[in-house]
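Coordinates in review
Listed here are the chains, written in short residue letters.
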Amino acid sequence: MAALSDTPAARSSGARTTKLAVVGAGAVGSTLAFAALARGAARTIALHDVNRAKVEAEVLDLQHGLMFTPQAQVIGSDDVAVCADADVVVVTAGAKQKPGQTRIDLAEGTIGLMRDILPGLVEVAPDATYVLVTNPVDVVTYAALKISGLPRERMFGSGTVLDSSRLRVVLAERCGVAVGNVHAYIAGEHGDSEIALWSSASIGGVPLLDWEPLGGNPPLDAAVRTEVHHEVVDSAYRIISGKGATNYAVGLAATRIIEAVLNDEGRIMPVSSLLEDYHGISDVCLSVPSLVDRRGVTDNVLVPMSYDELAGLRASAESVRAVQRRFGF
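Our subject in this report is the structure included herewith. (Residues numbered from 1 in each chain as written. Predicted model: local features only at pLDDT ≥ 70, side-chain atom pairs only at ≥ 80, totals over all residues. Heavy atoms only, no water.)

Turning next to the environment of Glu318. Here Glu318 shows up in helix H9 (residues 307-326). For Glu318, a relative accessible area of 36% gives the class partly exposed. The spatial distance from the C-alpha of Glu318 to the C-alpha of Gly280 is 12 Å, given a sequence separation of 38 residues. (Helix = DSSP H or I, 4+ residues; strand = E, 2+ residues; numbered from the N terminus. Buried < 20%, exposed > 50% of the residue type's maximum accessible area, 1.4 Å probe, protein only.)

Our next topic: the pairing of strand S15 (residues 290-293). Across three bridges, strand S12 (residues 267-269) lies against S15 in antiparallel orientation. When the bridges of S15 are listed, Ile268 appears paired with Leu291. (Pairing = 2+ DSSP bridges.)

The next thing to look at is the nonpolar core. Counting residues in each nonpolar core, the largest one holds 48 residues, and the members touching the most others are Val89, Leu121, Tyr130 and Leu313. Counting only elements with at least two residues in this core, the list comes to strand S1 (19-23), strand S4 (88-91), helix H4 (107-124), strand S5 (129-132), helix H5 (137-148), strand S14 (285-287) and H9. In terms of residue count, the dominant contributor to this core is H4 (seven residues). With sequence-adjacent residues up to four places away left out, Leu121 is seen in contact with Val23, Val80, Cys83, Val89, Val91 and Tyr130. Among the nonpolar cores identified, the runner-up in size contains 36 residues, and Val55, Leu62, Val133 and Met269 belong to it. (Core = buried A, V, L, I, M, F, W, Y, C linked by side-chain atoms within 4.5 Å. Contact = heavy atoms within 4.5 Å.)

If you want it as structure tokens, here you go:
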């Protein structure tokens, strides 16, 4: 099936169409495709997986819901050509995380997979923005940049966008406010060494460190903040232990990143990109608040950090670098 941008109707009307390619039809990839379809993120959603029966079944299931979504088409194949001329390529394929296994344990298999699939993807979609949603995302993003040769702004990872959402949800529950009133970031590795940026966080415009509790809720003192941080870090392990994989929230988080690119939003998000002298940190992919638009990650925002936060970010950078070196990067 031809991409929508290649149809005679699209060419004659001059209408701008968008194509999203999702690589990997597993729990994350198929949920991401569903979220993107339901939100109307792109006019064409292409699903690619080496398992032909699986990808065809997922596509058919998604197509049967087209009456209930914004106008779109869904295509899929085990042939990488289905990703041709995509505006955004999201790579979800990777080794599956098992209970008790850290994200770093997944690195070897997933980096090997990147060596196999990226050359073909870049060949058919050379102008796309690439978003990696596979663990360990920071190490894999760094490796993928080296393997693909793409510029840093056009290949980045989903990073701590999901972790930051988890943080905001927990804080909102603790404070008795809507999630949308909480602004706070998780930075660093998407993993055990990630840090919460408390000094730049706010609730309803009030700096989080100055927040006065409402409705009898306890204050957000140092002990509570530590408890909240542990809850965020441990949440993925709890989900994996109970159901085998995380998929709903990460699908929504990735879709929000895709929308920021396709809609040229200029949105600040904590995605994982190659840092260049960010608070003195370079040559490592980490999550920090970054500007995301149609060009990809175009800048990193130098948010103020406390001494402890900066030390934590540097320690997180060294932790990720150590894994990079282990795999020859």
